[in-house]
Amino acid sequence: MNSKSMVAQLAVPGVQALVPYIPGKPVEELERELGLSQIIKLASNENPLGPSEKVLSVINQVSTDLSRYPDGNGFGLKTALATKYNVSIDQVTLGNGSNEILELLARTFLQPGLEAVFSQHAFAVYPIVTQAAGATAKIAPAQEYAHDLGAMLALVNDKTRLVFIANPNNPTGTLLSAQALKQFIGALPETCLCVLDEAYYEYMDAEQAVDSISWLTEYPNLVITRTFSKAYGLAGLRVGYSLSSSAIAELLNRVRQPFNNNSLALAAAEAALADGDYLSESVSLNQKGMEQLSTAFSSMGLEWIPSAANFVSVNLQQDAMPVYQALLKKGVIVRPVANYEMPKFLRISIGTTEENQFFIDALSSVLGKR
Ligand SMILES: *Cc1c(COP(=O)(O)O)cnc(C)c1O
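Here's a quick rundown of the structure. Note that the coordinates shown come from a computational prediction; the quantities given were computed from them, not determined experimentally.

1. Describing the environment of Lys329
Logical step 1: Along the polypeptide, Lys329 turns up in helix α13 (residues 320-329).
Logical step 2: Exposure remark for Lys329: the relative accessible area of 61% places this residue in the exposed category.
Logical step 3: Between the alpha carbons of Lys329 and Thr295 there is a distance of 24 Å; along the sequence they are 34 residues apart.

Have a look at this one:
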């Protein structure tokens, strides 16, 4: 046995069987591989506007203070979030991206012998954090690509500690109604937390938006996670948060690293939260782009899953991998989702009008539609 495999066998069972998360291909990597000059990336649901000007100016100011540790309690950002959402500051937990919150939840509530429930086609981080904690994943079949809450509830038992729900879900973009969700949470046993992942919350229109925060008073087992990575345009800085009962927040606070958010991220997120103009511009650009892509798909005779988020998954009716590869050669990075059991789909993040058009032209050329 060589030393590498020896070490691999020392890892705890959950880690031995773990398959790492596959991120979207970075622009620089494709540049290196193909030497292309014009590359667009519509693969990681990032905000195509780039960061807000107000955020950039705050980052400049804070950068003079980088020799100091950040505020480990994130007082400024937590206060701003608590004020905006009318909750108390001790209900807010900050994470290095909302991914870290998902991981903190798993480390706090899961271990071998316990279970987490989520849907088929749900966000890839749920199985990873569950398995890393050595717990068992129970996966409910989806219904028309959407979460089937009835099937999920049927998997909950006295060993279930976490149920993960992404609303809207990534990579399907599907959305659950407020009524169905609330009924589901109400039906969960006290011994099971509902993790409601609202990474794309800001993109929902007024009719779709679920006022989940108002449910926190009624359900002490509800955890809502949100992020600055998508509509707020700060994916590179890694800031997410959860809103929950203060009892849950207190437990997560025991597990987290003392300085899990850096100074630039804390200040930038606070500035982003205050920049309402940037947010509305982002949301309206997204709506326009969604229409642009839908129109193009329909004229190509392609079906897509209607999406409430900033991406859309399109059904190519054939293995999507060769199409993905052909798009790469044309300088367009999108996301294959075979690892989500959707081998015929590609997920496209909504870009600027020009980026969307570049993608549409590349796709029609690859599919021989013109
Ligand atoms: C992008 C995303 C997140 C958030 O990621 P962070 O950058 O870690 O905040 C969480 N959940 C879903 C479903 C996502 O798509």
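2. Describing the packing of helix α6 (residues 98-109) against helix α7 (residues 125-132)
Logical step 1: Relative to each other, α6 and α7 sit at 35 degrees, their axes nearing to 9 Å. Of the two elements, α6 crosses α7, and the hand of that crossing is right-handed. In this structure, α6 uses Asn99, Leu102, Glu103 and Ala106 to contact α7, whose residues at the interface are Val125, Tyr126 and Val129.
Logical step 2: For the contact of α6 with α7, the per-class residue count stands at five nonpolar, one polar and one charged.

3. Quick word on unusual backbone geometry
Logical step 1: Geometrically, the link from Asn167 to Pro168 is a cis peptide bond, its omega value of -5 degrees lying close to zero.
Logical step 2: Residue placement: Pro168 occurs in the loop between β5 (160-166) and α9 (178-187).
Logical step 3: In the segment running from Asn170 into Pro171, the intervening peptide bond is cis, with an omega of 15 degrees.
Logical step 4: Relative to the elements of secondary structure, Pro171 occurs in the loop between β5 and α9.
Logical step 5: Even without being a glycine, Glu144 presents a positive backbone phi close to 50 degrees.
Logical step 6: Relative to the assigned elements, Glu144 resides in the loop between β4 (136-140) and α8 (149-154).
Logical step 7: One non-glycine residue, Glu341, lies in the positive phi region at around 60 degrees.
Logical step 8: Mapped onto the elements of the fold, Glu341 is located in the loop between β12 (335-336) and β13 (345-349).

4. Quick notes on helix α10 (residues 246-255)
Logical step 1: Along α10, the positions that sit buried rather than exposed are Ile248, Ala249 and Leu252. The buried side chains of α10 occupy one side of the element, clustering within an arc of 100 degrees when seen end-on. Those residues of α10 that are exposed and aimed more than 90 degrees away from the buried face are Ala247 and Arg254.
Logical step 2: Taken together, the buried residues of α10 touch β2 (92-95), α6, β6 (193-197), β7 (222-227) and β8 (240-243).

5. Digging into the packing of aromatic side chains
Geometry of an aromatic ring pair is reported as the spacing of the ring centres plus the angle between the planes.
Logical step 1: Per the counting criterion, the structure on display carries 13 aromatic pairs.
Logical step 2: Their ring planes at 5 degrees and their centres at 4.7 Å tell us that Tyr126 and Phe164 sit as a pair that is stacked. Of the two residues, Tyr126 sits in helix α7 while Phe164 sits in strand β5, which places them 38 residues apart along the sequence. Note on accessibility: Tyr126 and Phe164 belong to one class, buried.
Logical step 3: Taken together, the aromatic side chains of Tyr21, Phe118, Phe123, Tyr126 and Phe164 make up a single cluster linked through ring pairs.
Logical step 4: Between the NZ or CZ atom of Arg226 and the centre of the ring of Tyr85, over which it lies, the distance is 5.2 Å.
Logical step 5: Over the ring of Phe311 we find Arg347, and its NZ or CZ is 5.6 Å from the ring centre.

6. Looking at the site of the ligand
Logical step 1: As a matter of local geometry, the ligand sits amid Gly97, Ser98, Asn99, Phe123, Asn170, Asp197, Ala199, Tyr200, Thr227, Ser229, Lys230 and Arg238.
Logical step 2: Interatomic distance of 2.8 Å between a side-chain N/O atom of Asn99 and an oxygen atom of the ligand.
Logical step 3: Between Ser229 and the ligand, the recorded distance is 2.6 Å, taken from a side-chain N or O atom to an oxygen atom.
Logical step 4: Protein chains shield 94% of the accessible area of the ligand, which is 390 Å² for the free molecule.

7. Quick notes on the pattern of salt bridges
Logical step 1: On inspection of all chains with the given rule, the structure shows nine salt bridges.
Logical step 2: We note a salt bridge from Asp275 to Lys54, for which the minimum N-O separation is 3.8 Å. Placement of the pair is Asp275 in the loop between α11 (263-274) and α12 (276-299) and Lys54 in helix α4 (residues 53-62), with a sequence separation of 221 residues.
Logical step 3: Within this structure, Lys25, Glu29 and Glu33 form a network of salt bridges that share partners.

8. Regarding the sheet that holds β12
Logical step 1: Spatially, β9-β10-β13-β12 is the arrangement adopted by the four strands of the open sheet, whose pairing is antiparallel. Whereas interior strands pair on both sides, the edge strands pair on one side only; in this sheet they are β9 (303-304) and β12.
Logical step 2: In this sheet, strand β10 (residues 311-315) lies alongside β9 in antiparallel orientation, the contact comprising two bridges. Within the sheet, the bridge partner assigned to Glu303 lies in β10 and is Asn315.
Logical step 3: Sitting on the sheet, α12 touches β9, β10 and β13, and the angle it makes with β10 is about 5 degrees.

What counts and what doesn't
Residues numbered from 1 in each chain as written. Predicted model: local features only at pLDDT ≥ 70, side-chain atom pairs only at ≥ 80, totals over all residues. Heavy atoms only, no water. Helix = DSSP H or I, 4+ residues; strand = E, 2+ residues; numbered from the N terminus. Buried < 20%, exposed > 50% of the residue type's maximum accessible area, 1.4 Å probe, protein only. Axes fitted to C-alpha atoms, helices over the stretch in contact; angles between N-to-C directions. Left-handed = near helix turned anticlockwise from the far one by under 90°. Contact = heavy atoms within 4.5 Å. Nonpolar A, V, L, I, M, F, W, Y, C, P; charged D, E, K, R; others polar. Arc of directions from axis to C-beta. Phe/Tyr/Trp six-rings, centres within 6.5 Å; stacked < 30°, edge-to-face > 60°. Lys NZ or Arg CZ within 6 Å of the ring centre and 35° of its normal. Near = heavy atom within 4 Å. Polar contact = N/O pair within 3.5 Å; in protein donor to acceptor, adjacent residues only side chain to side chain. Areas by Shrake-Rupley, 256 points an atom, 1.4 Å probe, with all protein chains shown as cover. Salt bridge = Lys/Arg side-chain N within 4 Å of Asp/Glu carboxyl O. Pairing = 2+ DSSP bridges.

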